[in-house]
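Okay, here's what each chain looks like letter by letter:
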Amino acid sequence: QVRFVESGGGLVQPGGSLRLSCAASRIIFRDYVMGWYRQAPGKQRELVASITQSGNTNYADSVKGRFTISRDNAKNAVYLQMNSLKPEDTAVYYCNAPFAATPLPWGQGTQVTVPS
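Residues numbered from 1 in each chain as written. Predicted model: local features only at pLDDT ≥ 70, side-chain atom pairs only at ≥ 80, totals over all residues. Heavy atoms only, no water.

Sorry if this is basic, but what is going on with the nonpolar core here?
For soluble globular proteins, the rule of thumb is that nonpolar side chains tend to be buried together. Among the nonpolar cores identified, the biggest contains 32 residues, and Phe4, Trp36, Ile69, Val78, Leu80, Met82 and Tyr93 are the most heavily contacted of them. If you list the elements that add at least two residues to this core, you get β3 (18-25), β4 (34-39), β5 (46-51), β7 (67-72), β8 (77-82) and β9 (91-96). It is β3 that contributes the most residues to this core, 4 residues altogether. With residues up to four places along the chain from it excluded, the contact list for Leu80 reads Leu18, Arg19, Leu20, Trp36, Ala49, Phe67, Thr68, Ile69 and Tyr93. (Core = buried A, V, L, I, M, F, W, Y, C linked by side-chain atoms within 4.5 Å. Buried < 20%, exposed > 50% of the residue type's maximum accessible area, 1.4 Å probe, protein only. Helix = DSSP H or I, 4+ residues; strand = E, 2+ residues; numbered from the N terminus. Contact = heavy atoms within 4.5 Å.)

Below, the structure is given as structure tokens:
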């Protein structure tokens, strides 16, 4: 079964940075658009960044200019560099393939906390 394992979250002060990593297994990784999602308490999960097979990126307005998504197809990995973090970025962050023909299982996510 496809598996995503996210890591790199933590507690960081406003204005700080974190780099999230996601390792994918049992998937032909290079064939998929990959994305980072987040889910804040009491809110729906939202897609914040995506990257195509060829490296084209797209961002939600809330993170544009602060977050950078990248991928390493040789390592079956996708990354999210988060700079200038704000309290509203507090959420559990997940990776997945947003346009997969069949929904793929979610990993456990990684918690990012930015205190106000």
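After that view of the structure, there is still more to cover.
Quick question: what am I supposed to make of the sheet that holds β9 here?
Through backbone hydrogen bonds, the strands of a sheet pair up, either in parallel or in antiparallel fashion. Here we have 6 strands laid out as an open sheet, ordered β2-β10-β9-β4-β5-β6, and mixed in their pairing. On the outer flanks of this sheet lie β2 (10-11) and β6 (57-59), each paired with one strand and no other. The pairing of β9 with strand β10 (residues 110-113) spans 3 bridges and is antiparallel. Within the sheet, the bridge partner assigned to Ala91 lies in β10 and is Val112. (Pairing = 2+ DSSP bridges.)

Could you clarify how one ought to interpret the pattern of salt bridges in this entry?
Should the charged atoms of two oppositely charged side chains come close, the side chains can pair. In the structure shown here, the tally under the stated rule is 4 salt bridges. In this structure, the salt-bridge partner of Asp89 is Arg38, at a minimum N-O distance of 2.9 Å. Here the residue Asp89 occupies a position in the loop between β8 and β9, and Arg38 occupies one in strand β4, the gap between them amounting to 51 residues. Looking at Arg38, the relative accessible area reads 6%, which means it is buried. A salt bridge links Asp61 to Lys64, with the nearest nitrogen and oxygen atoms 3.2 Å apart. Beyond isolated ion pairs, a larger network of salt bridges with shared partners links Arg38, Glu46, Arg66 and Asp89. (Salt bridge = Lys/Arg side-chain N within 4 Å of Asp/Glu carboxyl O.)

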